Every structure is written in structure tokens, then in C-alpha cells.
Amino acid sequence: MHTTLILTVLGPDHPGLVQALSEVLNQQQGNWTESRMVHLGGQFAGLLQVALPREQVAHLKAALDQLQTRGLQVLIAETLEAPPITATLNIEVLGLDRPGIIRDITTQLASLKVNIEELFSEQRPAPMSGGTLFFAALTLSLPADVSAEQVQAKLEELSDQLMVDLNFA
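Residues numbered from 1 in each chain as written. Predicted model: local features only at pLDDT ≥ 70, side-chain atom pairs only at ≥ 80, totals over all residues. Heavy atoms only, no water.

(A) Layout of helix α3 (residues 101-111). Taken residue by residue, α3 has Ile101, Asp104, Ile105, Gln108 and Leu109 as its buried positions. Buried residues of α3, seen end-on, are gathered within an arc of 135° and therefore sit on one face of the element. Those residues of α3 that are buried are in contact with β5 (87-96), β6 (115-125), β7 (132-142), α4 (148-162) and β8 (164-168). Following α3 by one or two positions, Lys113 has its phi on the positive side, about 65°. (Buried < 20%, exposed > 50% of the residue type's maximum accessible area, 1.4 Å probe, protein only. Helix = DSSP H or I, 4+ residues; strand = E, 2+ residues; numbered from the N terminus. Arc of directions from axis to C-beta. Contact = heavy atoms within 4.5 Å.)

(B) Structural detail: the sheet that holds strand β2 (residues 31-40). As summarised here, the arrangement of the four strands in space is β2-β3-β1-β4, forming an open sheet in which the pairing is antiparallel. Sheet topology places β2 and β4 (73-78) at the edges, where each strand pairs with a single neighbour. Put simply, the sheet's adjacent strands are angled 15° from each other on average, direction ignored. Judged from the eleven bridges that link them, strand β1 (residues 2-12) and strand β3 (residues 43-53) form a sheet pairing that is antiparallel. What sits directly across from Pro12, in β3, is Gln43. Helix-sheet contacts for helix α1 (residues 17-27) involve β1, β2 and β3, and the interaxial angle to β2 is about 160°. (Pairing = 2+ DSSP bridges. Axes fitted to C-alpha atoms, helices over the stretch in contact; angles between N-to-C directions.)

(C) Inspection of the nonpolar core at higher detail. Ile91, Val93, Ile105, Leu109, Val114, Leu140 and Val151 are the most contacted members of the largest nonpolar core, which totals 20 residues. When residues of this core are traced back to their parent elements, those giving at least two are β5, α3, β7, α4 and β8. Here the element with the most residues in this core is β7; it accounts for five residues. Core analysis: the second largest hydrophobic core is formed by 18 residues, Leu21, Phe44, Val50 and Ala63 among them. (Core = buried A, V, L, I, M, F, W, Y, C linked by side-chain atoms within 4.5 Å.)

(D) Examining the pairing of β7 more closely. Most of β7 sits inside the fold, with eight of its eleven residues counted as buried. Two elements, β5 and β7, share ten bridges in a ladder whose sense is antiparallel. Looking at the pairing, Val93 lines up with Ala136 of β7. Following β6, the chain reverses through six residues before pairing antiparallel with β7; Gly130 in that reversal takes a positive phi of roughly 80°.

Right, dumping it as C-alpha cells:
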């Protein structure tokens with residue numbers, strides 16, 4: 001019987017870090033199934049989904065604890081059954097950067113019970129003004145009773161207030 005775990009990994013970035021993590025997984029018969037990893041501000045941050053034999057979970061946890069000597073913090077959670085996704089919607093946001101853009105957008109999404117499956121954001125230089133632009137790409141899963149058109153209408157009400165462009169796909 002296999003179990004699936006989600007690992008959250010955080011620590012100072014350095015060469016060989018992902019290799020050390022993959023070696024620990026391999027030693028415990030773990031299968032690396034999905035991941036998102038990034039270097040931010042000198043730190044390594046990663047989310048990783050692994051599958052392994054249930055009897056290896058305790059051994060994996062002990063082996064991951066040993067990575068703390070390399071400065072890594074690892075949080076482990078077992079996966080839960082996710083509700084079925086009826087539809088997905090991709091949105092890109094671009095506008096002058098200011099505090100609160102993500103809060104305002106996510107407030108509207110939460111009011112519709114829309115789940116954020118993935119969120120990528122960054123600051124970009126504004127080519128003409130020399131200011132800073134905010135860019136975000138979101139992948140959303142919609143509940144059965146919410147349409148893409150409803151989400152689009154709700155966010156377009158907000159776009160003028162936020163002074164951002166929204167692109168729906």
C-alpha cells in the first residue's frame with residue numbers, strides 16, 4: 001500500500017540541495033511525482049509530492065530530519081482527497097504595482113468559493129514610465145455552481161478600481 005505526501009522544503013539555497021533531497025527519497029523507495037521549486041531572496045523554497053510504501057513513511061521522516069544539518073526545514077503532510085474540479089480558469093493580471101492587489105483579487109475569488117490551484121507573481125520594470133508593474137498568473141478551479149463568466153464579471157468590476165488589466169483564458 002502506497003501513501004502520498006506533500007513536502008514543503010525551505011532553507012538557504014546552495015548547489016546540490018535538490019540532489020540531496022532526491023537521494024533521501026530514493027533511499028526510502030519514494031517516487032518524486034510533482035514539484036514546484038524556486039530560488040527567492042537567497043532561499044530555496046519547494047513543494048514536492050511524493051509517493052512511497054506506507055511502511056517507509058517513518059523512515060523518510062527520520063531521513064528528512066537529517067537534512068536540517070544542511071539548514072533545510074521540511075514540513076510533511078499526507079494528501080487528502082480533493083473535491084472534483086468541474087472547470088478551471090486561467091487569469092493574468094498586469095498593472096502598476098501597489099500593496100493589496102492580491103488581497104483584493106483573492107477576496108473576490110473567496111466570495112465565489114473559487115479555489116486557487118496555482119499562483120505565480122512578480123514585479124516587472126515598466127518600460128515607458130520607469131516604475132514597477134505587478135504581474136500575476138492564476139490557475140483557478142471553479143465549484144460546480146460557479147461559471148467562468150461569473151468569475152470574469154466579478155473580477156472585471158474590480159479591474160478599474162485596481163487599475164490592472166485582466167486576461168482570461
